[in-house]
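Each chain is listed here by its residues.
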Amino acid sequence: MDRKQCCVKLTVQPSRGLVDEKFTVLVQNAPPGSQLTVHALHQCEDGHTWEAFAHYIANATGTVNVPEDLSLGGTYSGVEPMGLLWSLRPVPGSKPWLRMRKMNVQTPLEIKISVYQGHPTEGFITEVPLNSVLVERWYMAPGIRRVPITEGRLTATLFLPSGPGPFPGLLDLWGGEGHLVEYRAALLASRGFASLTLDYLTPKIASETGKMVDNQYFETAFRVLQQHPQVLGSRIGMMGLSLGASFTLKMAAYSEVIKLSSVVCINGTHVQPVDGSVEEMLEYFGSNAEKTRFNEENQVIWRDLPLPIPTDPELKVDVGRLQCPVMLVVAEDDQNWPASESAQDMKEMMEQAGNSHLLTILSYPNAGHLIEPPYTPHCRASSFRVRNQGETFMALWGGDTVPHARAQEDAWRKMLAFLQENLYSSTNPAATSLSHL
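Residues numbered from 1 in each chain as written. Predicted model: local features only at pLDDT ≥ 70, side-chain atom pairs only at ≥ 80, totals over all residues. Heavy atoms only, no water.

> Help me get a handle on the overall build of the protein chain, residues and values and all.
Along the protein chain, the regular secondary structure elements total eight helices and 21 strands. Relative to the globule expectation of 22 Å for 437 residues, the C-alpha radius of gyration of the protein chain, 23 Å, shows essentially globular dimensions. Principal-axis analysis of the C-alpha atoms places the extent of the protein chain at approximately 75 × 55 × 45 Å. Across the 437 residues of the protein chain, 57% fall into the buried class. Summarising the internal contacts of the protein chain: among those between residues at least 6 apart in sequence, 70% fall at separations of at least 24. Accessible area of the protein chain: about 18,200 Å², with a carbon and sulfur share of 49%. Across the protein chain, the centroid of the 35 positively charged side chains sits 6 Å from that of the 46 negatively charged ones. (Helix = DSSP H or I, 4+ residues; strand = E, 2+ residues; numbered from the N terminus. Rg over C-alpha atoms; globule rule 2.2 N^0.38 Å. Buried < 20%, exposed > 50% of the residue type's maximum accessible area, 1.4 Å probe, protein only. Contact = heavy atoms within 4.5 Å. Areas by Shrake-Rupley, 256 points an atom, 1.4 Å probe, with all protein chains shown as cover. Lys, Arg positive; Asp, Glu negative; His and termini not counted. Charge placed at Lys NZ, Arg CZ, Asp CG, Glu CD.)

> Mind laying out the confidence of the model for the protein chain, listing which residues take part and the relevant values?
For the protein chain, the mean per-residue pLDDT works out to 93, and 95% of the residues sit at or above 70. Below pLDDT 50 for its whole length, residues 426-437 participates in 16 contacts with residues either more than four positions away or in separate chains. (pLDDT = per-residue confidence, 0-100.)

> Describe the side chain of Thr155, and please don't skip the residues or the numbers.
Mapped onto the elements of the fold, Thr155 is located in the loop between β10 (145-149) and β11 (156-160). Given a relative accessible area of 18%, Thr155 falls into the buried group. At a separation of 3.0 Å, a polar atom in the side chain of Thr155 contacts the main-chain amide nitrogen of Lys204. Apart from residues lying up to four places away in sequence, Thr155 is in contact with Ile149, Leu180, Thr197, Leu198, Asp199, Pro203, Lys204 and Tyr217. (Polar contact = N/O pair within 3.5 Å; in protein donor to acceptor, adjacent residues only side chain to side chain.)

> Before we move on, can you summarise empty space enclosed by the protein with the specific residues and values?
Applying the stated criterion across every chain yields a total of five cavities of 30 Å³ or more. In this structure, the largest cavity spans a volume of roughly 180 Å³. For the largest cavity, the lining is made up of 18 residues, of which Met100, Leu109, Tyr139, Thr376 and Pro377 are closest to its centre. Its residues assigned to classes, the lining of the largest cavity shows 12 nonpolar, two polar and four charged. (1 Å grid on protein atoms, 1.4 Å probe; cavity = no way out; pocket = protein on both sides within 12 Å on 5 of 7 lines; lining within 4 Å. Points joined across faces, edges and corners; volume = space filled by probe spheres on them. Nonpolar A, V, L, I, M, F, W, Y, C, P; charged D, E, K, R; others polar.)

> Which residues make up the sheet that holds strand β15 (residues 262-266), and what values do they have?
Within the open sheet, the eight strands sit side by side as β10-β11-β13-β12-β14-β15-β18-β19. Their pairing is mixed. Looking at which strands have only one partner, the edges of the open sheet turn out to be β10 and β19 (359-364). Within the sheet, the average angular offset between the axes of one strand and its neighbour, ignoring direction, is 15 degrees. One ladder, built from four bridges, connects β15 with strand β18 (residues 326-331); its direction is parallel. Its bridge partner being in β18, Val263 is matched across the sheet by Val326. (Pairing = 2+ DSSP bridges. Axes fitted to C-alpha atoms, helices over the stretch in contact; angles between N-to-C directions.)

> Describe the nonpolar core, with residues and values.
Counting residues in hydrophobic clusters, the biggest one holds 144 residues, and the most contacted among them are Ile113, Leu196 and Leu198. The greatest single-element share of this core, amounting to nine residues, is contributed by helix α8 (residues 401-423). Aside from chain neighbours lying at most four places away, what touches Leu196 is Ile149, Ala156, Thr157, Leu158, Leu170, Leu171, Asp172, Ala221, Val224 and Leu225. (Core = buried A, V, L, I, M, F, W, Y, C linked by side-chain atoms within 4.5 Å.)

> Summarise the side chain of Glu372; cite the residues concerned and give the values.
Tracing the backbone through its elements, the reader meets Glu372 in the loop between β19 and β20 (381-385). A polar contact of 2.5 Å, which involves the side chain of Glu372, links it to the side chain of Tyr183. Once residues within four sequence positions are removed from consideration, Glu372 is found in contact with Arg99, Trp174, Tyr183 and Gln408.

> Help me get a handle on the packing of helix α5 (residues 243-254) against helix α6 (residues 278-286), residues and values and all.
The N-to-C vectors of α5 and α6 enclose an angle of 125 degrees; their axes lie 12 Å apart at closest approach. When the axes of α5 and α6 are compared, the pair comes out oblique. Crossing handedness for the pair α5 and α6: right-handed. Packed against α5, whose contacting residues are Leu243, Ser246, Phe247 and Lys250, the element α6 presents Val278, Met281, Leu282 and Phe285 at the interface. The class makeup of the residues in the contact of α5 with α6 is six nonpolar, one polar and one charged. (Parallel < 35°, antiparallel > 145°, perpendicular 65-115°, else oblique. Left-handed = near helix turned anticlockwise from the far one by under 90°.)

> Before we move on, could you go through the sheet that holds strand β7 (residues 89-90) and cite the residues and values that matter?
Taken in spatial order, the six strands make up an open sheet running β2-β9-β8-β4-β5-β7, and their pairing is mixed. Each edge of the sheet is formed by a strand with only one pairing partner; in this case those strands are β2 (16-18) and β7. Sheet analysis places strand β4 (residues 35-43) next to strand β8 (residues 109-117), joined by six bridges and oriented antiparallel. When the sheet's bridge partners are listed, Leu36 is paired in β8 with Gln117.

> Explain the pairing of β4 to me, using residue names and the numbers behind them.
On any regular strand, side chains alternate: one points to one face of the sheet, the next to the other face. With nine bridges connecting them, β4 and strand β5 (residues 49-57) associate as antiparallel partners. Residue pairing in the sheet places Ala40 in a bridge with Ala52 of β5. Counted along the chain from β4 to the antiparallel partner β5, the turn is five residues long, and its residue Gly47 has a positive phi close to 95 degrees.

The structure is reproduced here in structure tokens:
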């Protein structure tokens with residue numbers, strides 16, 4: 001291809017948007033039938049670089065339309081509108097077992113989309129692209145307010161949708177590594193929910209006192225959210241992933257303070273000492289450490305720790321007590337928690353209690369533990385620091401890239417619809433359609 005004779009055009013629409021929104025990549029003015037590679041490059045805040053690429057053949061008009069055309073190979077194959085995001089992987093030579101996570105939600109993910117001549121599989125950094133476009137993907141929509149929360153000695157951040165409100169509230173809990181993780185709450189606020197993300201394993205109060213928080217810490221977070229003037233205190237839900245799902249279920253079933261309108265649990269379990277504190281819950285799972293397995297790559301598999309599902313009612317949340325709609329998101333190849341077995345047992349318990357009409361289960365074959373917002377790159381295994389042990393493991397999360405990407409997209413859409421249905425009402429003047437964002 002003569003660069004002087006061919007000015008290849010590359011457009012990405014929209015070039016700025018939320019991370020859960022699709023974009024269109026269009027290559028034009030290429031020689032008909034020519035080999036082209038579309039490439040995505042992203043540098044994380046931690047300095048690591050990720051890339052994805054796909055091989056295409058320009059059609060008779062010299063065009064490649066990524067959402068409609070067939071990728072012949074690369075980090076994904078076939079017709080994949082958003083493969084340039086979900087198939088991102090660390091560039092060759094990177095540190096192993098990385099996980100892509102947005103730390104500062106007040107800045108966008110920046111992805112450089114480029115088109116190259118031919119079908120290369122490596123060495124993109126040394127090649128000159130035919131054209132490039134910089135794309136921004138945000139977790140915070142315009143007008144979203146980020147409010148650090150220290151009231152009640154919490155370590156938390158509240159994200160408020162744009163507008164006067166009041167808005168339904170969500171308490172957002174992550175898993176066993178701790179720290180304040182903001183990106184999901186920011187995206188939920190961008191979709192109309194006042195979302196408070198809470199650090200309950202490594203909060204400031206724990207470092208000051210040398211003690212882990214008790215169950216009242218979650219109730220304090222609920223009250224702070226409930227009493228905020230821009231939050232509909234009667235319409236609050238909880239969303240938890242992994243260990244966060246365990247606390248979500250416990251609070252929903254037993255707390256006299258936390259009264260919820262909906263619950264979303266992503267790859268968690270109801271198995272736990274129901275009268276136990278945070279520390280006692282971690283000690284319970286630690287007491288089953290002999291059930292830990294390692295695969296041939298020395299990646300740790302923890303899914304057996306709560307198995308077999310106990311029959312002792314003191315060792316699992318009585319989900320028959322739940323009085324609000326519950327959605328369980330289950331990855332069938334979860335290697336971290338026994339999500340499938342737990343969901344089945346919860347279903348049977350709720351059927352016996354007569355409240356199974358409140359239960360929705362989304363189950364995804366060949367998906368792994370870390371079900372995140374759409375187009376987040378699949379992380380099959382990564383380094384993981386256990387909060388109560390201070391030791392770093394290579395944790396196997398599970399899943400295969402394509403079905404995991406499908407699960408993330410489908411689950412996010414259905415979780416938003418579930419929350420919209422159960423936290424908004426037709427009589428609420430603040431109710432908003434998600435489509436305008």
